[in-house]
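# Descriptive structure summary
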Amino acid sequence: MRAVASILSIILFLAFATTGAQKMIFNTMASQTAERLGFKKKSFQAVGVLEVLGALGVMIGLVGKHGSLLALLNEVAAGCLFLAMMATTVVHLRKGDGLKGSAPALGLGLLCLIELIFRLV
């Protein structure tokens, strides 16, 4: 179980670090997405910072053994990223993106939940 959780943690780190960095840099695609979803530049960049911090928390927490402070960091980060992705899914659905537009956030959220479950078992 720990090996699966570790692999999922690495996948989550790569996914959230790259998407968060794109939001922080605020490239053309991020700018268009922010505008479509109704976010201002600073707000969208703040979301990117939170995603990168969550990704770092998940990765740093990998070295912790069950019950340690670092393991708790991983679990809290994964839980927060899960909640953030559920909120993102709701935002996409409210903006009319449908399942196609909200599927990436929903998928990442489910991966966060699965990683969290495997870490706790």
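Residues numbered from 1 in each chain as written. Predicted model: local features only at pLDDT ≥ 70, side-chain atom pairs only at ≥ 80, totals over all residues. Heavy atoms only, no water.

What follows concerns the packing of helix α1 (residues 2–25) against helix α3 (residues 41–60). Packing of α1 against α3 leaves a shortest axis separation of 7 Å and a crossing angle of 160°. It follows that α1 is roughly antiparallel to α3 by the angle criterion. Judged by the sense of rotation from one axis to the other, the crossing of α1 with α3 is left-handed. Listed contacts from α3 to S9, I10, L12, F13, F16, A17, T19, G20, A21, K23 and M24 of α1 are F44, Q45, V47, G48, V49, E51, V52, A55, L56, V58 and M59. For the contact of α1 with α3, the per-class residue count stands at 15 nonpolar, five polar and two charged. (Axes fitted to C-alpha atoms, helices over the stretch in contact; angles between N-to-C directions. Helix = DSSP H or I, 4+ residues; strand = E, 2+ residues; numbered from the N terminus. Parallel < 35°, antiparallel > 145°, perpendicular 65-115°, else oblique. Left-handed = near helix turned anticlockwise from the far one by under 90°. Contact = heavy atoms within 4.5 Å. Nonpolar A, V, L, I, M, F, W, Y, C, P; charged D, E, K, R; others polar.)

Take the packing of helix α4 (residues 69–94) against helix α5 (residues 98–120) next. Relative to each other, α4 and α5 sit at 160°, their axes nearing to 8 Å. When the axes of α4 and α5 are compared, the pair comes out roughly antiparallel. Pair α4 / α5 crosses with left-handed handedness. Class assignment for the residues of the contact of α4 with α5 results in 16 nonpolar, nine polar and three charged.

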